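Okay, here's what each chain looks like letter by letter:
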Amino acid sequence: MIIKSLELADFRNYENIKINFSKGTNILYGDNAQGKTNILEAIFVSATTKSHKGSKDKEIIRFGKEEAHIRTILEKDNAEYRVDMHLRKSKSKGIAIDGQKIKRASDLIGRLNVVFFSPEDLSIIKNGPSERRRFMDMELCQLDQIYLNNLSKYNKLVVERNKILKDLFEHPENSVLLDVQDKQLFEYGSVIIKTREKFIKDLNEIIRPIHEKLTGEKETLSVFYEPNVKLEEFESRLKQARKKDTYTKQTTVGPHKDDFSFMIKKMNAEDAIDIRKFGSQGQQRTASLSLKLSEIEIVKRAKKENPVLLLDDVLSELDSNRQNYLLNTIGDIQTIITCTGLDEFVNNRFEIDKLFKVTEGTVSSEN
Ligand SMILES: Nc1ncnc2c1ncn2[C@@H]1O[C@H](COP(=O)(O)OP(=O)(O)OP(=O)(O)O)[C@@H](O)[C@H]1O
Ligand SMILES: [Mg+2]
């Protein structure tokens, strides 16, 4: 699957643009705040219906405008597909594939698979559990519609349950609602736990050789799922936590509190260490890079096709060894890279198929 073109109308700082991409390596370069990341965001929205930054539709629409449009033309097995998105300030977005409206945003998932890589991703391991969960969820939602549906229902239930808990003092009669809520939380939450378990198992197979290579065979990396609650205990723990939850007005048990640990064992060491807590900055960054590189392989295996790789200003964050490794991994994957300068490519035997200059909401092709 590749993206042939992208058209934007009133999207962020773009009034009206069309970009024709190469199926190989595309570079978007320009000064800060010109709109480079906005292009990648538009592609990410077309693939997943959501912003990689978690922005709301009304924030994405160009200042002073009421709506925005994104049109992507995709190519797969020599056939073209058109995905149209219509973002509105106060309504949910409209989506059409080849002119046919789709009912649920989740029906789009899987059409276009992207791997988005930004400098913040290099801090996934250093940062808190919510970012690690977000990473896993973004990945899983792209790959698995059932997971996506379960997760959005589950998240809604947690919000609703917290609201009931907050109002319980004034509306004690609502406590019966919590019984129904807990049943549903368990039902949807169980799917999330099981899917995450499987995902981490598959991830380990992929990440281990990547990390070994990245560290010159010096380290072995393993990822562990740390569920907030075990599946077998989920129902009873929810019940037990009711009193505490009523007091704290928060749902304290469930997969919305999960985490993942990253353990590194040096080749000659006896024990592995938890690099969330004890890793050096470099170790954490390299392991984060291994994680992102695994994402490419996970999509390839699950979808039997290449994802589109979006690299937002990351090359300058990596030393030349890691840059080379990343660029070698890309192979024949369509890649869209943003950067402020072209210096980082000069020393690389790196082929640029298309070069675009981004200036104040305009994009011009330079070759
Ligand atoms: N809803 C919006 N409407 C109009 N302009 C917007 C909107 N949201 C963001 N912008 C503008 O988009 C610009 C930022 O674009 P973007 O993040 O793509 O820049 P960039 O080229 O990636 O910069 P950097 O190199 O610093 O990462 C800012 O000037 C910001 O004011
Ligand atoms: Mg940017």
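Each remark here, short or long, concerns the structure printed above.
On a predicted model such as this, the values are computed, not experimentally measured, just so you know. By convention here, each chain's residues receive numbers from 1 onward along its written sequence. Working convention: letters from A go to chains and numbers from 1 go to ligands, in the order in which they are written. Only residues with pLDDT of 70 or above have their local features reported here, since the model is predicted, and side-chain atom pairs are shown and tallied only from 80 upward, although totals for entire chains, interfaces and linings are computed over all residues. To obtain the side-chain values, all non-hydrogen atoms of the structure were included, while hydrogens and water were left out.

A. Focus on the nonpolar core. Of all hydrophobic cores here, the largest spans 61 residues; its most connected members are I200, L203, F262 and L311. A helix here means a DSSP run of H or I that spans at least four residues, while a strand means a run of E at least two residues long, and both kinds are numbered starting from the N terminus. The biggest single contributor to this core is helix α5 (residues 175-214), with 11 residues. Note that domain bounds follow an automatic or database assignment of domains. In terms of domain composition, this core takes at least three residues from each of domain 1 (1-113 + 306-367) and domain 2 (125-304). Contacts of L311, omitting those with residues within four sequence positions, involve L40, F117, L326, I330, T335, I336, I337 and T338. In this description, a nonpolar core means a group of buried Ala, Val, Leu, Ile, Met, Phe, Trp, Tyr and Cys residues linked to one another through side-chain atoms lying within 4.5 Å. Exposure categories follow from relative accessible area, calculated using a 1.4 Å probe and restricted to protein chains: below 20% of the type maximum is buried, above 50% is exposed, and the middle band is partly exposed. Counting 38 residues, the second largest nonpolar core, distinct from the first, contains L87, I97, I102 and L310. The contact definition used throughout considers only heavy atoms, calling two residues in contact when any of these lie within 4.5 Å.

B. Highlighting the packing of aromatic side chains. Each Phe, Tyr or Trp ring, with Trp reduced to its six-membered ring, pairs with another whose centre is within 6.5 Å; inter-plane angles below 30 degrees give stacked pairs, above 60 give edge-to-face pairs, and intermediate values give tilted ones. Considering all chains together, one arrives at 4 aromatic pairs under this definition. Plain terms: the ring middles of Y225 and F260 are 5.5 Å apart, the flat faces sit at 20° to each other, and that makes the pair stacked. In this pair, Y225 is assigned in strand β9 (residues 219-226) and F260 in strand β10 (residues 259-266), connecting sequence segments 35 residues apart. Across this residue pair, the class does not change: Y225 and F260 are buried.

C. View of the sheet that holds strand β11 (residues 273-274). Any two strands between which DSSP finds at least two bridges are classified as paired. The 3 strands lie next to each other as β9-β10-β11, forming an open sheet whose pairing is antiparallel. In this open sheet, the two strands that pair with only one neighbour each are β9 and β11. Judged from the 2 bridges that link them, β10 and β11 form a sheet pairing that is antiparallel. Within β11, the residue paired with I264 across the bridge is I273. Angles run from 0 to 180 degrees between N-to-C directions of axes, and those axes are lines fitted to C-alpha atoms, restricted for helices to the stretch in contact. Packed on one face of the sheet, α5 meets β9 and β10 and runs near 175° to β9.

D. Just the sheet that holds strand β1 (residues 2-11), in detail. The 6 strands are arranged β2-β1-β4-β5-β6-β7 in an open sheet whose pairing can be described as antiparallel. The open sheet terminates on both sides in strands that have one partner only, identified here as β2 (14-20) and β7 (100-101). As defined by bridge partners, strand β5 (residues 79-88) adjoins strand β6 (residues 94-97) across 4 bridges and the pair is classed as antiparallel. Residue H86 lies in a different strand from β6, and its bridge partner there is G94. Docked against the sheet, helix α1 (residues 36-48) engages β1, β2, β4 (67-76) and β5, running at close to 110° with respect to β1.

E. Spotlight on the site of ligand 1. Near ligand 1 you find 16 residues, and of these A33, K36, T37, N38 and E59 are the closest. N or O atoms within 3.5 Å of each other form a polar contact, as long as, within protein, one can give a hydrogen and the other can take it, and as long as residues adjacent in sequence are counted only when both atoms are side-chain atoms. Within the side chain of N32, one N or O atom sits 2.9 Å away from an oxygen atom of ligand 1. For ligand 1, an oxygen atom lies 2.8 Å from a polar atom in the backbone of N38. Surface accessibility in these figures is a Shrake-Rupley result with a 1.4 Å probe; residues are shielded only by whichever protein chains are displayed. When isolated, ligand 1 has an accessible area of 650 Å², and the protein chains bury 74% of it. At the level of secondary structure, the elements contributing two or more residues to the shell around ligand 1 comprise α1 and α2 (57-60). Examining the composition of the shell around ligand 1, we find that 3 residues originate from one element, α1, more than from any other. Proximity criterion: a residue is near a molecule or strand once any of its heavy atoms comes within 4 Å of it.

F. Seen up close, the side chain of S51. Along the polypeptide, S51 turns up in the loop between α1 and α2. A residue is classified by how much of its surface remains accessible, and S51, at 6% relative accessible area, is buried. A polar contact of 2.8 Å, which involves the side chain of S51, links it to the side chain of E41. What S51 contacts, discounting residues up to four positions off in sequence, is E41, F44, V45 and I60.

G. Structural detail: the pairing of β2. Inspection of the sheet shows β1 paired to β2 by 6 bridges, in the antiparallel sense. Across the sheet, the residue bridging to L6 is I19, located in β2. Between β1 and β2, which follow one another and run antiparallel, lie 2 residues, and R12 among them has a positive phi close to 45°.

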